[in-house]
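Okay, here's what each chain looks like letter by letter:
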Amino acid sequence: MASGAFVRPGNWRREDESSFMLMTKSCHDLDWLAYIIGRPAERVSSFGSLYEFRPERKPEGAADRCLDCAIEPTCAYSAPRIYTPFLDKPHKKWPLSIVTLDRTPEGLMTALREGPYGRCVYSCDNDVVDHQVVNIEYEGGVTASFTMTAFAAYSHRKTRIFGTRGSIDGDGETIAIHDFLNGPDVVDLGAVDGASAADGHGGGDQAIVDAFVEAVRTGDTGLILTNGRESLDSHRLVWAAEHARRTGTVVRL
């Protein structure tokens with residue numbers, strides 16, 4: 001799905017029209033780290049680049065559009081292969097909703113032939129990174145490593161937490177707990193009010209809007225769970241990480 005949002009015509013494919021990848025895609029992840037660790041970040045380093053989705057990597061014989069391309073059937077980033085399965089999933093509005101409102105085979109093919117989502121991923125004007133790692137040291141010596149990559153199976157975000165008495169793995173649907181004394185256990189999170197991790201960030205998007213509207217309506221500031229200082233700290237970490245990537249340095253906050 002990264003090829004749609006960050007390569008072909010996506011709103012975040014170019015830094016001069018939006019921002020860099022950590023800010024547009026991965027701010028949620030660094031916010032999540034800040035939440036579960038609960039300590040201020042002190043140092044950060046980062047590495048990454050735009051490796052694959054460049055004209056120099058375009059396969060020999062590839063056309064500028066998927067529907068005109070002789071090698072499309074064997075291309076991992078074929079637009080028809082990516083979007084056609086969603087025609088049979090009317091309950092999933094995204095990502096087909098950004099390609100076309102005509103959810104028929106004919107409508108999709110027309111959109112891919114005439115619109116930007118049918119372009120070859122190697123013939124676009126994107127410039128944001130397609131892989132990046134961020135290493136963070138928090139107060140007290142707690143460390144975290146974050147990986148963003150376009151080259152992974154379509155899935156939810158994954159979190160792994162390592163502690164002195166056990167470890168936790170989660171993906172938004174299940175949590176696997178490994179207690180060093182008592183062994184493993186798996187918890188099925190299920191859906192929250194009908195939302196999944198793939199729907200509006202697990203229902204979080206709508207909950208944030210609802211809480212804000214209710215806080216304005218009632219004047220109850222307790223409904224807003226984070227403040228401006230925390231938002232500023234989060235932004236400072238993302239800016240510092242991107243500065244570290246561009247300069248090859250370790251940045252102290």
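For the structure itself, consult the block above.
Definitions and limits used
- Residues numbered from 1 in each chain as written.
- Predicted model: local features only at pLDDT ≥ 70, side-chain atom pairs only at ≥ 80, totals over all residues.
- Heavy atoms only, no water.
- Helix = DSSP H or I, 4+ residues; strand = E, 2+ residues; numbered from the N terminus.
- Buried < 20%, exposed > 50% of the residue type's maximum accessible area, 1.4 Å probe, protein only.
- Areas by Shrake-Rupley, 256 points an atom, 1.4 Å probe, with all protein chains shown as cover.
- Lys, Arg positive; Asp, Glu negative; His and termini not counted.
- Charge placed at Lys NZ, Arg CZ, Asp CG, Glu CD.
- Phe/Tyr/Trp six-rings, centres within 6.5 Å; stacked < 30°, edge-to-face > 60°.
- Lys NZ or Arg CZ within 6 Å of the ring centre and 35° of its normal.
- Salt bridge = Lys/Arg side-chain N within 4 Å of Asp/Glu carboxyl O.

Explanation requested: the overall build of the protein chain in the structure shown.
Within the protein chain, the regular secondary structure consists of eight helices and eight strands. Dimensions of the protein chain along its principal axes, counting C-alpha atoms only, are 55 × 45 × 45 Å. Looking at the protein chain as a whole, 32% of its 253 residues qualify as buried. Only carbon and sulfur atoms are counted for the fraction: they give 55% of the accessible area of the protein chain, which is about 15300 Å². Computing the positive centroid from 27 side-chain charges and the negative centroid from 36, the protein chain places the two 4 Å apart.

Is there a simple way to explain the packing of aromatic side chains in this structure?
Here the distance between the centres and the angle between the planes together describe a pair of aromatic rings. Per the counting criterion, the structure on display carries seven aromatic pairs. Relative to Y117, the ring of Y83 has its centre 6.2 Å away and its plane inclined at 90 degrees; by these criteria the two rings are edge-to-face. Highlighted residues: Y83 in helix 4 (residues 79-83) and Y117 in the loop between helix 6 (105-114) and strand 2 (131-138), separated in sequence by 34 residues. For Y117, a relative accessible area of 12% translates into the label buried. The structure contains a cluster of three or more aromatic residues connected by ring pairs, namely F53, Y77, Y122 and F151. Lying across the ring of F86, K89 places its NZ or CZ 5.3 Å from the centre.

Quick question: what am I supposed to make of the pattern of salt bridges here?
Between side chains of opposite charge, pairing is possible as soon as their charged atoms come close. According to the stated counting rule, one finds 16 salt bridges in the structure shown. For E56, the salt bridge identified is with R54, shortest N-O distance 2.9 Å. Take E56: its relative accessible area is 60%, and that puts it in the exposed class. Since its relative accessible area comes to 23%, R54 is described here as partly exposed. Among the ionic pairs, D68 bridges to R113, the shortest N-O distance being 3.2 Å. Here the residue D68 occupies a position in the loop between strand 1 (41-49) and helix 4, and R113 occupies one in helix 6, the gap between them amounting to 45 residues. By relative accessible area, which is 45% here, R113 ends up partly exposed. A single salt-bridge network, built from bridges that share partners, covers R13, R14, D16, E17 and D125.

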